[in-house]
Amino acid sequence: MLANRRALARIISLIENDGPGKETILSQIFPHTGRAHSIGITGAPGAGKSSLVDKLTTHVRGLGLTVGIVAVDPSSPFSGGALLGDRIRMQAHTLDQGVYIRSMGTRGNLGGLARNTKQVMQTLDAFGKDLVLVETVGVGQSELDIAQAADSVVLVLTPASGDAIQTLKAGIMEVADIFVVNKCDLGPAEELVREINAMLDLGSRTGWRPPVIKTNGITGEGVPEVYSALREHWNFLQTSGRIKELRKERLEKDVFEAVLEQLRHYLEEEVRRQPQLQQLLDQVQDRKLDPYTAAARVMAFLGVGPGQGQAVARG
């Protein structure tokens, strides 16, 4: 078990740093993925996401399940690493061999996740974790990357705060599968629950209506109900076939992202090797050529354009 944890730590470090052989390792572990239930915990800063993850982990460990936690923190402006605030709040689990916690710095990435978060989630899945919990950086109205990475999304709100009202107006309402009103002892929690339910009643969802659950991240009140709701959502995804659709969409996006990443590296190399490509960039810099025309010429130079897709397919 200890050897596996060390191997897991090394692989995740390699992924985070885009180290040599990363793609080879990801290719080797890919056949072992797709088993874990991935859960995104998102919400505004200070909503109590870390406390909820801590208590939820305690609950599911009592049920004998293993947990992988990815805590996405803001990056240090000096070292670029994660500030580790979330991990400090989860110290009780650091000696538990059934729990693996990893903090990741955003390193300037927007969307609530670090750039390689999905690959780290896949690695935890491949290493046999039953649940993979991802706590995002405090998100705003447009930072919805977690919806593209997790099977279930839990949105954490707090009563008597402006962020709750803003969230009710935002698109993040549409991606949440479970609503948690945390710190329910600090304000008019029932009023917020009613507001959320009223918004949900106006929606056009089919098949799954997100439950709204009151919790206290310090005492653990409501946490078993959150896990029950997560199990119900997981069962819904399985029985409805929605899980296959979600993961198909996710994997297709992963392929396109990998293609774009490889093309970017290839293009950077070609620009260094081919003087005519550098000349195109110089012309754009001098305002003699617009970026769109330059891009079309780069594509033509690389042999990518109309009709090329058929050639690739035939090859």
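Residues numbered from 1 in each chain as written. Predicted model: local features only at pLDDT ≥ 70, side-chain atom pairs only at ≥ 80, totals over all residues. Heavy atoms only, no water.

## Considering the overall build of the protein chain
Step number 1: When helices and strands are counted, the protein chain shows 12 helices and 7 strands.
Step number 2: Contacts spanning at least 24 positions in sequence make up 75% of the contacts within the protein chain whose residues lie at least 6 apart.
Step number 3: When the accessible area of the protein chain is evaluated, it comes to approximately 16,700 Å², of which 55% is carbon and sulfur surface. (Helix = DSSP H or I, 4+ residues; strand = E, 2+ residues; numbered from the N terminus. Contact = heavy atoms within 4.5 Å. Areas by Shrake-Rupley, 256 points an atom, 1.4 Å probe, with all protein chains shown as cover.)

## Looking at the packing of helix α3 (residues 49-62) against helix α8 (residues 223-240)
Step number 1: Relative orientation of the contacting elements α3 and α8 amounts to 75 degrees, with a least axis distance of 9 Å. As far as their axial angle goes, α8 and α3 are roughly perpendicular. The residues of α8 that touch α3, namely those facing Leu-52, Lys-55, Leu-56, His-59 and Val-60, are Val-223, Pro-224, Tyr-227 and Leu-230.
Step number 2: Among the residues forming the contact of α3 with α8, the class breakdown is 7 nonpolar, 1 polar and 1 charged. (Axes fitted to C-alpha atoms, helices over the stretch in contact; angles between N-to-C directions. Parallel < 35°, antiparallel > 145°, perpendicular 65-115°, else oblique. Nonpolar A, V, L, I, M, F, W, Y, C, P; charged D, E, K, R; others polar.)

## Here we look at unusual backbone geometry
Step number 1: Phi angles above zero are rare outside glycine, and Lys-183 is one such case at about 55 degrees.
Step number 2: Of note, Lys-183 is situated in the loop between β6 (178-181) and α7 (189-202).
Step number 3: With a phi close to 65 degrees, Arg-287 is a non-glycine residue in the positive phi region.
Step number 4: When you line up the elements, Arg-287 lands in the loop between α10 (275-285) and α11 (291-302).

## With respect to the sheet that holds strand β4 (residues 131-135)
Step number 1: Ordered by their spatial adjacency, 7 strands build an open sheet running β3-β2-β4-β1-β5-β6-β7, and the pairing between neighbours is parallel. In this open sheet, the two strands that pair with only one neighbour each are β3 (99-105) and β7 (212-214). Between one strand axis and the next, the sheet turns by 20 degrees as a mean value, whatever way the strands run.
Step number 2: As judged from the 5 bridges shared by strand β1 (residues 37-43) and β4, these two strands associate in the parallel manner. Within the sheet, the bridge partner assigned to His-37 lies in β4 and is Leu-131. (Pairing = 2+ DSSP bridges.)

## Looking at the packing of helix α9 (residues 242-273) against α10
How two helices pack is summed up by the angle between their axes together with the distance between the axes.
Step number 1: At a minimum axis distance of 5 Å, the contact between α9 and α10 shows a crossing angle of 100 degrees. In terms of orientation, α9 lies roughly perpendicular with respect to α10. Across from Glu-270, Val-271 and Arg-273 in α9, the residues of α10 making contact are Pro-275, Leu-277, Gln-278 and Leu-281.
Step number 2: Residues of the contact of α9 with α10, tallied by class, amount to 4 nonpolar, 1 polar and 2 charged.

## Concerning the environment of Arg-264
Step number 1: Along the chain, Arg-264 turns up in helix α9.
Step number 2: Relative accessible area serves as the criterion here: at 38%, Arg-264 is assigned to the partly exposed category.
Step number 3: At 2.9 Å, the side chain of Arg-264 and the side chain of Glu-268 are in polar contact. (Buried < 20%, exposed > 50% of the residue type's maximum accessible area, 1.4 Å probe, protein only. Polar contact = N/O pair within 3.5 Å; in protein donor to acceptor, adjacent residues only side chain to side chain.)

## Looking at the side chain of His-37
Step number 1: The topology assignment puts His-37 in strand β1.
Step number 2: Owing to a relative accessible area of 2%, His-37 belongs among the buried residues under this scheme.
Step number 3: The residues contacting His-37, other than those within four sequence positions of it, are Asp-130, Leu-131, Val-132, Asp-151, Ser-152, Leu-230 and Trp-234.

## Some words on the side chain of His-93
Step number 1: Turning to its location among the elements, His-93 is positioned in the loop between α4 (85-89) and β3.
Step number 2: Since its relative accessible area comes to 5%, His-93 is described here as buried.
Step number 3: Here Thr-58 takes part through its side chain, which lies 3.4 Å from a polar atom of the side chain of His-93.
Step number 4: Other than its neighbours up to four places away in sequence, His-93 contacts Asp-54, Thr-57, Thr-58, Val-99 and Ile-101.

## Regarding the confidence of the model for the protein chain
Step number 1: Across the protein chain, the average pLDDT comes to 83, with 81% of residues at or above 70.
Step number 2: Across the protein chain, element-level confidence peaks in α8 with a mean pLDDT of 97 and bottoms out in helix α12 (residues 308-314) with 41.
Step number 3: For the stretch residues 76-83, pLDDT sits under 50, and the model shows 15 contacts to residues farther than four places along the chain or on other chains.
Step number 4: Long-range and interchain partners of residues 307-315, a stretch whose pLDDT sits below 50, account for 1 contact in this model, where long-range means more than four residues apart. (pLDDT = per-residue confidence, 0-100.)

## A word on the pattern of salt bridges
Step number 1: If you walk through the whole model with that rule in mind, you get 17 salt bridges.
Step number 2: Among the salt bridges present, the one from Arg-264 reaches Glu-261, with a minimum N-O distance of 2.9 Å. Here Glu-261 and Arg-264 lie together in helix α9, a separation of 3 residues that amounts to about one turn.
Step number 3: You can call Glu-261 partly exposed: its relative accessible area is 28%. (Salt bridge = Lys/Arg side-chain N within 4 Å of Asp/Glu carboxyl O.)

## Things to note about α9
Step number 1: Look at α9: 47 Å from first C-alpha to last across 32 residues, which is about the 46 Å you get at 1.5 Å a residue.
Step number 2: For α9, the set of buried residues is Ile-243, Leu-246, Arg-247, Arg-250, Asp-254, Glu-270 and Val-271. (Expected span 1.5 Å × (residues − 1).)

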